[in-house]
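This is what each chain is made of:
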Amino acid sequence: MIKFSELGLSPKVLKAVEAAGYDTPTPIQAGAIPPALDGRDVLGIAQTGTGKTASFTLPMITKLARGRARARMPRSLVLAPTRELAAQVAENFDTYAEGSKLTKALLIGGVSFKEQEQLIDRGVDVLIATPGRLLDHFERGKLLLTGVQIMVVDEADRMLDMGFIPDIERIFELTPFTRQTLFFSATMAPEIERITNKFLSNPEKIEVERQNSTSDTITQVLVKHTPKRRDMSAKDKRAILRAIIERDGDECRNGIIFCNRKVEVDIVAKSMKKHGLDAAPIHGDLDQSQRMRTLDGFRDGTLRFLVASDVAARGLDIPNVSHVFNFDVPSHSEDYVHRIGRTGRAGKTGIAYTIAVPSDEKYLDGIERLIGKPIPEGENPWTPPGRKSDTPAAEEEERVPRKSRSRSRSRKASEETSEAAPAEAEAPREEARRDESRRDEPRRERGGRGRGRGLDRGPKVVGLGDHVPGFIEMSFEERREAERA
DNA sequence: AAAAAAC
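- As recorded in an unreviewed UniProt entry, chain A goes by the name DEAD-box ATP-dependent RNA helicase RhpA, listed as coming from Jannaschia aquimarina.
- The Sequence similarities (unreviewed entry) field of the UniProt record for chain A holds the comment "Belongs to the DEAD box helicase family."
- Of the comments in the UniProt record for chain A, the one headed Catalytic activity (unreviewed entry) reads "ATP + H2O = ADP + phosphate + H(+)".

Below, the structure written as C-alpha cells:
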C-alpha cells in the first residue's frame, strides 16, 4: 500500500501529516497529490469525507513553500460554497502548514472586512474564500487575482446548486490562464462538465467510488409515524425525537438533528431546550459568530445537540457524532446521504434515525432508490399520551387526549367529529406561531400564550376544525396506493 | 419547497 512518504510531499509537510497521525493516503489523496505536485490540473470526482481537503492542501503547502507573497496579490486561492467549509479548509492549512511560514486569509461573509483587508494588504500565500465575499473585496479594489498560481474549486456541484457558477466563472477569468487548477465535484452535471472543459487544461481525472451508497458503519433506522392530524406532525415528531434520545440514553452521546427549514430548526432547538436537552440551532440566518461558536461547542463536546439546516449537511468534519436525526425527510435524496454521513466517520459507528410521516413517502422512495436498499424500519418509541401529562406547563398541547393510532381505514369523517376534539382541544400550529410571533416581542411567555389562546382557540376550532379529511388519515400504504392511482 | 451566499 502506498504511503504518504512516497507521494513527493516536502519533508515538512510529511512531518505535519505524521504528527496528525496519518501514514496511508486515501484514494483521492493518492490519486491527486502526485499530479498536483507536478503542476498538472486535477479534476477530482469525490464526495466529502474521502479526504478531499488534504488532497489539495498538502500539495499546495509543498508547492508554495518557495516564493513569497506580494501585497494584495495572493499566490493561491481556494473557493468553497459555505462559510463553514471555507473555515474548515483554513483550519486544514493551519494543521499541515505548521512550521511552513505560510500566510493565509479567510474571506467569508458575515464578519468584518477590516481584518480581512489588512491580511490581504500584507500579502498572503493562500486565500480561502466564499465567492460572494471574494468578489466583494475585488470590487472594492482591494484585491488582485493576477498573481494566483494555484486555484482550487471545492464542492463545485454544490456551488452549482447554490447558483455560484457565474461567480466562479468570473473568478476564473480574473486569474491568469497559466494558473494550475484543482477542481473537485461530487458529480459531473452537464454544467460542471462545461466549466471543467472551459477552465481546466488536460486535467488528471481522479474518480473515487461514488458514495451514493452509505457507509456500513452507519445503522439506519426509519421511524414512521402517522399523526392524528397532519398539522400535528411537527409536534409529534418533536416528541418522537425526545423519546428516541431518552431511549438510547448514554449511547446517544451527541447528535445532529436536521430539519428542512430554518424556522423548523429554531423551533426544534427551542423545544429541546425547553425539555432540558442541551441543544443549539445552526442555519444561515444566524450571525456568523454564533454559527462558529455553536459549531465549535459541538465539536469540543460542550454542546450535545446541534439542530441544523442543510448548511451543516455536507462536508463538515465533526468526528465522533453518535447520532444523526432526520427530523424532516430531505426532499433531495442526495442530502440524505450527506446528512447521515455526519456520523459513522473515521471507522466509528453511528446511528441515523429518519422520522417520517405519510406525506414523506415519495421522498423516501427516492432515497431508497438512491441508496439501493430500503431503510430498515424501527420501532417508534413514542406513544401519544392518552391522559393528562404530569409535566406542568411544559408542552401543554400534548396533554390533549388522543385516540389510538390504529384505526379502521373506512372510518368516516363524521365519526371523527365526535371523538377528535374535546373542549380543551388542540390549537393547531400553535407552537410554531407562538415562536414566530414572539421573536421580536419582549412579551412574557404567559401573556403571549394567553393571548394566542384567546384568539385562536375556543370551544369551536377555526379552519379545518373537527373535520379531518380522509386523506390525512390514510396510512403509509394507503397513501402510497392513492398516489399511484 | 428550501437552503446557501454580499452589503
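**Some words on the sheet that holds strand β2 (residues 76–79)**
So, step 1. Spatial strand order, β3-β4-β2-β5-β6-β1-β7: seven strands in an open sheet with parallel pairing. Every interior strand has two partners, whereas the edge strands, β3 (104–107) and β7 (204–207), have only one. Neighbour to neighbour, the strand axes of the sheet diverge by 10 degrees on average, direction disregarded.
So, step 2. The sheet contact formed by strand β1 (residues 42–45) and strand β6 (residues 180–185) spans four bridges and is parallel. Its bridge partner lying in β6, I45 is registered against S185.

**Concerning the sheet that holds strand β10 (residues 279–282)**
Within a beta sheet, neighbouring strands are joined by backbone hydrogen bonds and run either parallel or antiparallel to one another.
So, step 1. Judged by pairing direction, the sheet is parallel, and its six strands sit side by side in the order β8-β13-β12-β9-β11-β10 without closing on themselves. Only two strands of the sheet have a single neighbouring strand rather than two, namely β8 (218–224) and β10. Within the sheet, the average angular offset between the axes of one strand and its neighbour, ignoring direction, is 20 degrees.
So, step 2. Sheet strands touched by helix α10 (residues 233–248): β8, β9 (255–258), β11 (305–308), β12 (323–326) and β13 (350–356). Its angle to β13, the strand with the most contacts, is close to 155 degrees.

Conventions and cut-offs
Residues numbered from 1 in each chain as written. Chains lettered and ligands numbered in written order. Predicted model: local features only at pLDDT ≥ 70, side-chain atom pairs only at ≥ 80, totals over all residues. Heavy atoms only, no water. UniProt positions renumbered as here; feature names shortened; annotations may be inferred. Pairing = 2+ DSSP bridges. Helix = DSSP H or I, 4+ residues; strand = E, 2+ residues; numbered from the N terminus. Axes fitted to C-alpha atoms, helices over the stretch in contact; angles between N-to-C directions. Contact = heavy atoms within 4.5 Å.

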